Amino acid sequence: MPNTAAWVLGITQAVGMIVSVVDLRTFLGLPSLGVTTQSRLMVVTRRDMTIGFLVDAVVEMRPLGEMIGQGDPQMLRRAPDWVRPYIVDTAQFDGRVVALLDPDQLVFNEPIHRYRLGA
């Protein structure tokens, strides 16, 4: 998209509305992998804001419920700087510890709302 940040890929129609599409890797400061056969659009709606995040892949989806907070409490300290502001908690299942990203931090942060170049 002209005159926007590199992580804004454009717009698309999803869930019955027009949404902005953000390359999550590029937004977090990582190199983009582009769109692959594994890529998925993760549509996040928080209050009145809906954004589509291009993610590398979706491996599985499951309710986390009581597993939230059962992960490694030191994970936040060991997490890379680029993701630390977006981690809200951890969960552990099947011997794996995963970081849970805070959708509010992703959708309502300053760069998302002011993504024009030079803005």
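Computed from a prediction, not measured in an experiment: that's the story for all the values here. (Residues numbered from 1 in each chain as written. Predicted model: local features only at pLDDT ≥ 70, side-chain atom pairs only at ≥ 80, totals over all residues. Heavy atoms only, no water.)

Please clarify how the overall build of the protein should be interpreted in this entry.
Scanning the protein from N- to C-terminus turns up 4 helices and 6 strands. Taken from N to C terminus, the helices and strands of the protein fall in the order β-β-α-β-β-α-β-β-α-α. Dimensions along the principal axes, computed over C-alpha positions, put the protein at roughly 45 × 30 × 30 Å. Sequence-distant contacts in the protein: of pairs separated by 6 or more residues, those separated by 24 or more amount to 41%. (Helix = DSSP H or I, 4+ residues; strand = E, 2+ residues; numbered from the N terminus. Contact = heavy atoms within 4.5 Å.)

I tried to follow a nonpolar patch on the surface on my own but got confused; where do I start?
Residues Val 15, Met 17, Leu 41 and Val 43 make up a contiguous nonpolar surface patch of about 310 Å² in total accessible area. Mapping Val 15 onto the fold places it in the loop between strand 1 (8-14) and strand 2 (17-23). Take Val 15: its relative accessible area is 60%, and that puts it in the exposed class. (Patch = residues over 30% accessible without salt bridge, like charges linked within 9 Å, V, L, I, M, F, W, Y side chains within 5 Å. Areas by Shrake-Rupley, 256 points an atom, 1.4 Å probe, with all protein chains shown as cover. Salt bridge = Lys/Arg side-chain N within 4 Å of Asp/Glu carboxyl O. Buried < 20%, exposed > 50% of the residue type's maximum accessible area, 1.4 Å probe, protein only.)

Sorry if this is basic, but what is going on with the pairing of strand 6 (residues 96-101) here?
Consecutive side chains along a regular strand alternate between the two faces of the sheet. Where strand 5 (residues 87-93) lies against strand 6, 6 bridges are found, and the strand directions are antiparallel. Note on strand 6: the bridge partner recorded for Ala 91 is Val 98. (Pairing = 2+ DSSP bridges.)

Help me understand the sheet that holds strand 4 (residues 49-55), please; the structure alone is not making it clear to me.
Within a sheet, adjacent strands bond to each other through the backbone by hydrogen bonds, running parallel or antiparallel. Spatially, the 4 strands line up as an open sheet ordered 1-2-4-3, and their pairing is mixed. Each having just a single partner strand, strand 1 and strand 3 (40-46) make up the two edges of the open sheet. Each strand axis lies, on average, 35° off the axis of its neighbour in the sheet, ignoring direction. Both strand 2 and strand 4 contribute to a ladder of 4 bridges, which runs parallel. Bridging across to strand 4, Val 21 finds its partner in Gly 52. (Axes fitted to C-alpha atoms, helices over the stretch in contact; angles between N-to-C directions.)

I would appreciate a short explanation of the nonpolar core in the present structure.
A general feature of soluble globular proteins is that nonpolar side chains tend to end up buried together. Residues Trp 7, Val 22, Leu 24, Phe 27, Ile 51, Phe 53 and Ile 112 are the most contacted members of the largest nonpolar core, which totals 16 residues. For this core, the secondary-structure elements that each account for two or more residues are helix 1 (24-27), strand 4 and helix 3 (103-107). No other element matches the 4 residues that strand 4 contributes to this core. What Phe 53 contacts, discounting residues up to four positions off in sequence, is Val 22, Leu 24, Arg 40, Leu 41, Met 42, Val 44, Leu 106, Val 107 and Ile 112. (Core = buried A, V, L, I, M, F, W, Y, C linked by side-chain atoms within 4.5 Å.)

Got a minute to help me understand the packing of aromatic side chains in this structure?
Here a ring pair, both rings aromatic, is described through the centre-centre distance and the interplanar angle of the planes. Throughout the structure, instances matching the rule amount to 2 aromatic pairs. Measuring from centroid to centroid gives 4.8 Å for Trp 7 and Phe 27, while their planes differ by 80°, and the two rings are edge-to-face. Of this pair, Trp 7 sits in the segment before strand 1 while Phe 27 sits in helix 1, and the two are 20 residues apart along the sequence. For Phe 27, a relative accessible area of 11% gives the class buried. Chaining the aromatic ring pairs together yields one cluster made of Trp 7, Phe 27 and Tyr 86. Here the guanidinium or amino end of Arg 47 rests over the ring plane of Phe 108, the centre of that ring lying 4.2 Å away. (Phe/Tyr/Trp six-rings, centres within 6.5 Å; stacked < 30°, edge-to-face > 60°. Lys NZ or Arg CZ within 6 Å of the ring centre and 35° of its normal.)

How do you make sense of unusual backbone geometry when you look at a structure like this?
Peptide bonds are, in most cases, trans, and in most cases residues other than glycine have a negative phi. Phi is positive for Val 15, which is not a glycine, with a value near 45°. Even without being a glycine, Arg 47 presents a positive backbone phi close to 50°. Examined against the element boundaries, Arg 47 turns out to sit in the loop between strand 3 and strand 4.

Fair warning: the whole summary comes from geometry, so function is off the table for now.
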